[in-house]
Amino acid sequence: MKLFSDLKKNLKKDFSSLRPIKVALMGDTATQFLTLALRGAGYDSGFDLQIFEADFNQIERQVFDPTSELYEFAPELVIIFQASHKLVAKYNKLKPEQYSSFAESQLAQIENLYTSINNKLRAKIIFYNYPEIDDAIFGNYANKIESSFLFQQRKLNNELMTYASKLSNFYICDISSIQNQIGKTAMFQTSVYFNTEMVLSIDALPLVAARTISLIGSMYGKLKKCLIIDLDNTMWGGIIGDDGIENIQIGSLGIGKAFSEFQYWVKKLKNRGIIIAVCSKNTESVAKEPFEKHPDMVLRLDDIAVFMANWNNKADNIKLIQQILNIGFDSMVFLDDNPFERNMVRENIADILVPELPEDPGDYLEYLYTLNLFETSSFSNEDGERTKLYQVEAKRAALQTSYTNEDEFLKSLNMTSVVEPFNKFNTPRVAQLSQRSNQFNLRTVRYTEPDIEDLIGQNGVFTYAFTLEDQFGDNGLISVIILKHENNETLFIDTWLMSCRVLKRGMENFILNTIVNFAHTEGYKYLKGEYIATAKNEMVKDHYKNLGFKPDSNYWLLSTDNYQNKKCFINKK
Amino acid sequence: MEKNEVLKKVNDIFIDVLDNEDIVLSYETTAKDIEEWDSLNHIQLIVAIEKKFKIRFTTLEIQAWKNVGEMADSILAKVNT
């Protein structure tokens, strides 16, 4: 973790090529250092945070005055940082009979802030929760007394979670968990507080900034999607090839417990939608044996999306895993107990994250907790099914090799697609695809859930969500199209994105047929497309050219007259 | 530890925290003499000094020094006890 002084040094660097994000930061304590730390940490994640820092203790004025600098600045993100120390101060001023309703009244004020901001801005709101202060008035008994500060503060943190769970653009940045990790004496330094009115210690600033930036990163598509794990001494203790299945360490005894607990953690990640892959130097059949037969293994073969066990070098194996999964290296994490392998992978694959696992396997999990690797800003029910989808993809690849003719293969898949406009059922998944799709994404305009809700039924906007199912299973919703009326002749393709797990199935042709026919019936003469290059979407550079669009300055045009439906083997369901 | 040794270490901390290689401290140097030394950076300097010498200043001490010399005396008193 970088120090605050390192983050400050970042500020002198060149931000011009980074993604700009307009952020408003409002606090009821001094936030100058936090502003610097956020901007400095943003730099390391590729963001140029353009921060409007409200004057000290101006949250209410900024939010409730419609002519305030906040609204003039029009940020995409609003960060609200109300300090626990100010919370105590507010509580201290109450009459005792008001203590028990403190959390409730605070939450009501937070709700007012949210509502006012949300009425005037299209912004995501990040609210810092409250690191605990035990004022030691009741001792342990505070837990039994509703009117105690501790009781009210914990209640407020809890109520905030409930409140956030109901709103798609209100996020909690869990700085309370940072204090749990480093302790209150490290989080808060009295001399700093009394001299500057800042509640975060110099050493806590990089942690708070990192936690905030990873939340922001997840909103802008920087997510970890896949965890690749070594086997011997990472997944279990010992070496399966030498020690044999009965002697590896896993289960409830001694250090075996550390590996079991680690596997439970991996299993929870898998259930959340993180893709789990194995990369090990082993004979495949030997490496698979514990997954099939060991009674204490938590993970089984069906938890693993890609199983790569052979004697080739790990960097090459990880490149193969990447090809099968079709996700960026920067969304992958690789865990290995061996420093040599870690360095080898780091040196050969620049973007992959390889944590420096501690030497003692007993420390793995505690260390991994502190890294907060798997930040996200969305969750849909489909996430838990992702492993199955990738396993099916591996089977499909196996079938394809048995066909020499691609058309025959595609025909044999019996593909069907459900085509629907955006609706309240598919909105979360559409928004999620919009956040996650990097490669097959023509313009990379990111839409959040509220943005998607706004598009539904809007005049001159036509939306499509496509699913794809075949004989091996249902891929779910995999492609999104947003068309916008440009003029009476032209319909503009604002968004065309697709999940990479359905590449090369003819989905592009099916989609084009669908939207051209729509445009034609609506009387539009042209479909207009645009490719906006990013670091990741080179795959679709020639997308419109390949589909027969003609270049027109920086855009691509396709005439809807005399359009011949393109060949595809997908039927509308 | 000698006072001039403290001054040298403090000088290094100033250079690092304020990111300015040209800073040369004397016992008479005050915040007015160094452009980057404002009240906010002062706190960052204090925390860095506390870490370096493994000491803690009280809230009052932090506000009381008139110049670098007094700061060095304060450090020396803590380190040598």
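Residues numbered from 1 in each chain as written. Chains lettered and ligands numbered in written order. Predicted model: local features only at pLDDT ≥ 70, side-chain atom pairs only at ≥ 80, totals over all residues. Heavy atoms only, no water.

Novice: Which residues make up the overall build of chain B, and what values do they have?
Specialist: When its secondary structure is counted, chain B shows four helices and zero strands. Secondary structure elements of chain B, listed N to C terminal, follow the sequence α-α-α-α. Computed over the C-alpha atoms, the radius of gyration of chain B is 11 Å, within 12% of the 12 Å expected from 2.2 N^0.38 for a compact globule of 81 residues. With the C-alpha coordinates aligned to their principal axes, the bounding extent of chain B is approximately 35 × 25 × 20 Å. Split into buried and exposed, the 81 residues of chain B put 44% on the buried side. As displayed, chain B offers around 4600 Å² of accessible surface, 51% of which is attributable to carbon and sulfur atoms. One finds the centroid of the 10 positive side-chain charges in chain B at a distance of 8 Å from the centroid of its 16 negative side-chain charges. (Helix = DSSP H or I, 4+ residues; strand = E, 2+ residues; numbered from the N terminus. Rg over C-alpha atoms; globule rule 2.2 N^0.38 Å. Buried < 20%, exposed > 50% of the residue type's maximum accessible area, 1.4 Å probe, protein only. Areas by Shrake-Rupley, 256 points an atom, 1.4 Å probe, with all protein chains shown as cover. Lys, Arg positive; Asp, Glu negative; His and termini not counted. Charge placed at Lys NZ, Arg CZ, Asp CG, Glu CD.)

Novice: Can you tell me about the overall build of chain A, naming the residues and giving the values?
Specialist: When you go through chain A residue by residue, the secondary structure sums to 23 helices and 18 strands. Compactness check: chain A gives a C-alpha radius of gyration of 26 Å against a globular reference of 25 Å for 573 residues, within 12% of the reference. C-alpha extents for chain A along the principal axes are approximately 80 × 70 × 45 Å. Within chain A, contacts between residues at least 6 apart in sequence are counted, and of these 72% link residues at least 24 apart. (Contact = heavy atoms within 4.5 Å.)

Novice: Let's hear about helix α13 (residues 256-272) of chain A: which residues, and what values?
Specialist: Residues and elements named next belong to chain A. Taking 1.5 Å of rise per residue, 17 residues should cover 24 Å, and α13 covers 25 Å from first to last C-alpha, within 8% of that figure. All buried positions along α13 are accounted for by G256, A258, F259, S260, F262, Q263, W265, V266, L269 and K270. The positive-phi residue at the C-terminal boundary of α13 is G273, with phi of around 115°. (Expected span 1.5 Å × (residues − 1).)

Novice: Pulling in residues and values, what's your account of helix α1 (residues 3-17) of chain B?
Specialist: Helix length check: α1 of chain B, at 15 residues, gives a terminal C-alpha distance of 21 Å against a target of 21 Å (1.5 Å per residue), a fit within 8%. Buried residues belonging to α1 of chain B abut α1 (4-10) of chain A together with α2 (39-53) and α4 (68-79) of chain B.

Novice: Just give me the short version of the side chain of R342 of chain A, but keep the residues and values in it.
Specialist: As for its position among the elements, R342 of chain A is in helix α16 (residues 339-348). Once residues within four sequence positions are removed from consideration, R342 of chain A is found in contact with D336, D337, V354, P355, E356 and L357 of chain A.

Novice: How would you sum up the environment of I117 of chain A? Please name residues and give values.
Specialist: Residue and element names in this part refer to chain A. Along the chain, I117 turns up in helix α6 (residues 102-120). Taking the relative accessible area as the measure of exposure, I117 reaches 0% and is therefore buried. In sequence terms I117 and A431 are 314 residues apart; their C-alpha atoms lie 22 Å from each other. In this structure, I117 is in contact with M26, V63, Y71, V78, I80 and I125, ignoring residues within four places of it in sequence.

Novice: Describe in detail the environment of K528 of chain A, supporting the description with residues and values.
Specialist: Residue and element names in this part refer to chain A. If you trace the backbone, K528 turns up in strand β15 (residues 526-529). The class of K528 is buried, set by a relative accessible area of 12%. Spatially, the C-alpha atoms of K528 and A350 are 37 Å apart, while their sequence positions differ by 178 residues. Those residues in contact with K528, other than ones at most four positions away along the chain, are E486, T490, L491, F492, I493, Y555, W556 and L557.

Novice: Break down the interface of chain A and chain B for me, citing the residues and quoting the values.
Specialist: When the parts of a complex come together, some accessible area is lost, and that lost area is often taken as the interface size. Listed as interface residues are 18 residues of chain A and, on the opposing side, 15 residues of chain B. Taking both sides of the interface into account, the surface hidden between chain A and chain B amounts to around 1500 Å²; carbon and sulfur atoms contribute 53%. On the chain A side of the contact with chain B, K9, Q189 and N195 of chain A bury the most area, a combined 32% of that side's loss. Across the contact surface, chain A and chain B share three salt bridges. For the interface between chain A and chain B, the tally reads seven residue pairs in polar contact (both at pLDDT 80 or more). (Buried area = accessible area lost by both parts, 1.4 Å probe. Salt bridge = Lys/Arg side-chain N within 4 Å of Asp/Glu carboxyl O. Polar contact = N/O pair within 3.5 Å; in protein donor to acceptor, adjacent residues only side chain to side chain.)

Novice: Give me the pairing of strand β9 (residues 332-335) of chain A: which residues, what numbers.
Specialist: Residue and element names in this part refer to chain A. Of the two faces of β9, the one holding M332 and F334 and the one holding V333 and L335 are both buried throughout. Bridge count between strand β6 (residues 226-229) and β9: four bridges; the pairing is parallel. When the sheet's bridge partners are listed, C226 is paired in β9 with M332. (Pairing = 2+ DSSP bridges.)

Novice: Outline the packing of helix α15 (residues 314-325) of chain A against α16 of chain A, listing residues and values.
Specialist: Residue and element names in this part refer to chain A. Direction vectors running N to C along α15 and α16 enclose 55°, while the axes themselves pass 9 Å from each other. On the basis of their axis angle, the class for α15 and α16 is oblique. Relative to α16, α15 is oriented so that their crossing is right-handed. From α15, K314, A315, I318 and K319 reach across to α16, where they touch E341, M344, V345 and N348. Across the contact of α15 with α16, the residue classes tally to four nonpolar, one polar and three charged. (Axes fitted to C-alpha atoms, helices over the stretch in contact; angles between N-to-C directions. Parallel < 35°, antiparallel > 145°, perpendicular 65-115°, else oblique. Left-handed = near helix turned anticlockwise from the far one by under 90°. Nonpolar A, V, L, I, M, F, W, Y, C, P; charged D, E, K, R; others polar.)

Novice: Which residues make up the pairing of β15 of chain A, and what are the values?
Specialist: All names here are of chain A. Two strands pair when backbone bridges link them, and strand β14 (residues 490-498) and β15 are joined in this way by three bridges, in the parallel orientation. Counted as the bridge partner of F492 is K528 from β15. Alignment of β15 against strand β17 (residues 555-559), held across four bridges, turns out to be antiparallel. Its bridge partner lying in β17, Y526 is registered against S559.

Novice: Give a detailed account of the confidence of the model for chain B, specifying residues and quantitative values.
Specialist: Residue and element names in this part refer to chain B. Summing up the model confidence of chain B, the mean pLDDT is 91 and the portion of residues at 70 or higher is 100%. The least confident element of chain B, judged by mean pLDDT, is helix α3 (residues 59-64) at 85; the most confident is α1 at 94. For this predicted complex, the interface score ipTM comes out at 0.86, while the overall pTM is 0.78. (pLDDT = per-residue confidence, 0-100.)

Novice: Please provide a residue-by-residue account of a negative patch on the surface, values included.
Specialist: A grouping of E359, D360, D363 and E366 of chain A is seen on the molecular surface, where their side chains present a negatively charged patch. With respect to the element layout, E359 of chain A can be found in the loop between α16 and α17 (364-371). (Patch = residues over 30% accessible without salt bridge, like charges linked within 9 Å, V, L, I, M, F, W, Y side chains within 5 Å.)

Novice: Residue-level account of the sheet that holds strand β2 (residues 47-53) of chain A, with values.
Specialist: Neighbouring strands of a sheet are bound in pairs by backbone hydrogen bonds; such pairs are parallel or else antiparallel. Residues and elements named next belong to chain A. Overall, parallel pairing links the five strands, which are arranged β2-β1-β3-β4-β5 in an open sheet. Looking along the sheet, the strands with just one partner apiece sit at the ends: β2 and β5 (170-173). Adjacent strand axes in the sheet meet at a mean angle of 25° when their direction is disregarded. Pairing between strand β4 (residues 124-128) and β5: four bridges, direction parallel. Note that in β5 the partner of I125 across the bridge is F170.

Novice: Can you tell me about the packing of aromatic side chains, naming the residues and giving the values?
Specialist: All names here are of chain A. Within this structure, the stated rule accounts for 30 aromatic pairs over all chains. Seen in terms of ring centroids, F52 and F73 are 5.6 Å apart; in terms of plane orientation they differ by 35°. Their pairing is tilted. Within this pair, whereas F52 is found in strand β2, its partner F73 is found in helix α4 (residues 69-73), the two being separated by 21 residues in sequence. A relative accessible area of 16% means that F52 is categorised as buried. Arranged with centres 6.1 Å apart and planes meeting at 80°, the rings of F466 and F510 form a pair that is edge-to-face. Of this pair, F466 sits in strand β12 (residues 461-470) while F510 sits in helix α22 (residues 507-521); the two residues are 44 residues apart in sequence, bridging distant segments of the chain. Residue F466 is classed as buried on the basis of its relative accessible area, which comes to 0%. Ring-pair connections join several aromatic residues into one group, and the members of that group are Y114, F127, Y130, Y163 and F170. When the ring centre of Y555 is taken as reference, the NZ or CZ atom of K528 above it lies at 4.1 Å. (Phe/Tyr/Trp six-rings, centres within 6.5 Å; stacked < 30°, edge-to-face > 60°. Lys NZ or Arg CZ within 6 Å of the ring centre and 35° of its normal.)

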